[in-house]
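Each chain is listed here by its residues.
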There are 2 protein chains.
Amino acid sequence: MPKSSPPPPPRKPRADARRNRERILEVAKEVFTRSGADSSLDEIAKLAGIGPGTLYRHFPSRESLLEGVYCGEVEKLAAAERRFSDTLTPVEALRAWMLLFVDYIGAKQIIAPALNTMVGGSKVFECARDQVQGAIHRLVARAIESGDIRADLDPFDLLRALIGVANVASAPNWRDSARRLVHILIAGSRPGA
Amino acid sequence: MPKSSPPPPPRKPRADARRNRERILEVAKEVFTRSGADSSLDEIAKLAGIGPGTLYRHFPSRESLLEGVYCGEVEKLAAAERRFSDTLTPVEALRAWMLLFVDYIGAKQIIAPALNTMVGGSKVFECARDQVQGAIHRLVARAIESGDIRADLDPFDLLRALIGVANVASAPNWRDSARRLVHILIAGSRPGA
DNA sequence: AGAATATTCGGAGAGACCCTCCGGTAACAG
DNA sequence: CTGTTACCGGAGGGTCTCTCCGAATATTCT
């Protein structure tokens, strides 16, 4: 007689698997930050002290590894959205969050190609995309409600601009430039403009 | 006794060399537009009906090939700058040129990584960079003079934003989004803002 | 505790790509 | 027409990505 219960939680993951997964994320984050998004995956595996097979079983594609690495950062961004919304005026919360976004994303070299999928239709990066899109959507809605931002502003437009700005994070003083651009974007989104 | 005249024009380039160079540019433009900036160079050579060696002699690096392909487009942008400056008010000339930039550059998928070097310090892309930087510099200077744009606006900031926006040219309706962003950028650069 | 079993590990290897080198060949000058 | 020069094109070394499979190990059941 077969078990009557439907397939129970198959088994709990093995300890070494979890350890390896975390070590991979740790090393990948460092290597991506240092050498950009097209670093050698074999090099990451070697630095993590595992074989390429193990790396590819945990993260079948380069993009899935990038997603794994930056999902943590994205959660911090989502948390910041809640914090800013609680402590700042709507438009200042939006500004602060945008500045933080530029710092967080731009500081890590070159997530660019992966980020593009965030506004595109790709299926990967779902977790990150939903969180970021939700955050900017709420921030903009609040700022529109308070009358500081034009009602017809599409939050995605701002998001695209932010990602674009973060893309160009190579010039020597890109950071100042990016901050000035955030101010320009917000000024250009005011009702009077 | 050596020739007294300094090295005369060494020789005129061979006919097949010029033919090959043009064919390479033609094919590369199509492939880059279709498959992005990291297409296989071997594939381009094969499609052009030549060997890899020939491709690499004409264009030693991937970036130099990209520069060769897009230098023509950039010249059209420079020409448009002159035309707009002659026929439009300063701020409208700036707006029209920015919209044209987005159309020209964003329509070709993925020049992104190469474009980044345009605002960065890289030595490649010099021809294109100088033309584009000169154009936006003149447009902004004229608009500042007429009082429609804040005097402390850095033209490079706008250029970086444009390149960023063009980077994200993947979403279904990126074109409308990009046009809205140009308007936001200009509105945010006005003196009152 | 000890055996059975399922899952993970890690390296070997196929395929693609980038780029270089060099012998053959075709164009230009005299 | 002949010599010289520059160009052509493919073969090949090195690197990277990603897959496959035997060996090793953690977890579970008796």
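Procedures and definitions
- Residues numbered from 1 in each chain as written.
- Chains lettered and ligands numbered in written order.
- Predicted model: local features only at pLDDT ≥ 70, side-chain atom pairs only at ≥ 80, totals over all residues.
- Heavy atoms only, no water.
- Near = heavy atom within 4 Å.
- Polar contact = N/O pair within 3.5 Å; in protein donor to acceptor, adjacent residues only side chain to side chain.
- Helix = DSSP H or I, 4+ residues; strand = E, 2+ residues; numbered from the N terminus.
- Nonpolar A, V, L, I, M, F, W, Y, C, P; charged D, E, K, R; others polar.
- Axes fitted to C-alpha atoms, helices over the stretch in contact; angles between N-to-C directions.
- Parallel < 35°, antiparallel > 145°, perpendicular 65-115°, else oblique.
- Left-handed = near helix turned anticlockwise from the far one by under 90°.
- Contact = heavy atoms within 4.5 Å.
- 1 Å grid on protein atoms, 1.4 Å probe; cavity = no way out; pocket = protein on both sides within 12 Å on 5 of 7 lines; lining within 4 Å.
- Points joined across faces, edges and corners; volume = space filled by probe spheres on them.
- Salt bridge = Lys/Arg side-chain N within 4 Å of Asp/Glu carboxyl O.
- Buried < 20%, exposed > 50% of the residue type's maximum accessible area, 1.4 Å probe, protein only.

S.K.: I'd like a description of the protein's contact with DNA strand D, backed by residues and values.
M.R.: DNA strand D sits among 23 residues. The nearest are A:L41, A:D42, A:R62, B:N20 and B:R57. Sugar and phosphate atoms constitute 59% of the interface atoms of DNA strand D, taking the interface as everything within 4 Å of the protein. Interatomic distance of 2.7 Å between a side-chain N/O atom of A:R62 and a phosphate oxygen of DNA strand D. Every element with two or more residues in the surface near DNA strand D is listed here: α2 (41-48) and α3 (52-58) of chain A together with α1 (15-35) and α3 (52-58) of chain B. For the surface near DNA strand D, the element with the highest residue contribution is α3(B), accounting for 5 residues. Looking at the surface near DNA strand D residue by residue, the class counts come to 7 nonpolar, 8 polar and 8 charged.

S.K.: Tell me what's going on with the packing of helix α4 (residues 62-87) of chain A against helix α7 (residues 126-145) of chain A, and back it up with residues and numbers.
M.R.: Residue and element names in this part refer to chain A. Put simply, α4 and α7 touch, their axes get as near as 9 Å, and they point 20° apart. Here α7 runs roughly parallel to α4, going by the angle between their axes. Once α4 is placed against α7, the crossing between them reads as left-handed. Residues E67, C71, V74, E75, A78, E81 and S85 of α4 lie in contact with α7, whose contacting residues are E126, C127, A128, Q131, V132, A135, R138, L139 and R142. Counted by class, the contact of α4 with α7 contains 8 nonpolar, 2 polar and 6 charged residues.

S.K.: How would you explain the layout of surface pockets if you had to name every residue and give the values?
M.R.: Residues and elements named next belong to chain B. Estimated volume of the second largest pocket: approximately 160 Å³. Considering the residues around the second largest pocket, the lining is formed by R21, L25, F59, S64, E67, G68, V69 and C71. Among the secondary structure elements, those contributing two or more residues to the lining of the second largest pocket are α1 and α4 (62-87). Considering every element that reaches the lining of the second largest pocket, the biggest residue donor is α4, with 5 residues. When grouped by side-chain class, the residues that make up the lining of the second largest pocket number 4 nonpolar, 2 polar and 2 charged.

S.K.: Break down the pattern of salt bridges for me, citing the residues and quoting the values.
M.R.: When charged atoms on two side chains of opposite charge get close, those side chains can pair. This model, assessed by the stated rule, comprises 14 salt bridges over all chains. For A:R180, the salt bridge identified is with B:D154, shortest N-O distance 3.6 Å. Placement of the pair is A:R180 in helix α9 (residues 174-188) and B:D154 in the loop between α7 (126-145) and α8 (155-167), with the two residues belonging to separate chains. Accessibility expressed as a relative area gives 34% for A:R180, which makes it partly exposed. Residue classification places B:D154 among the partly exposed positions, given a relative accessible area of 27%. A salt bridge links B:R150 to B:D152, with the nearest nitrogen and oxygen atoms 3.2 Å apart. For B:D152, a relative accessible area of 59% gives the class exposed. Each of A:D154, A:D157 and B:R180 takes part in one network of salt bridges that share partners.

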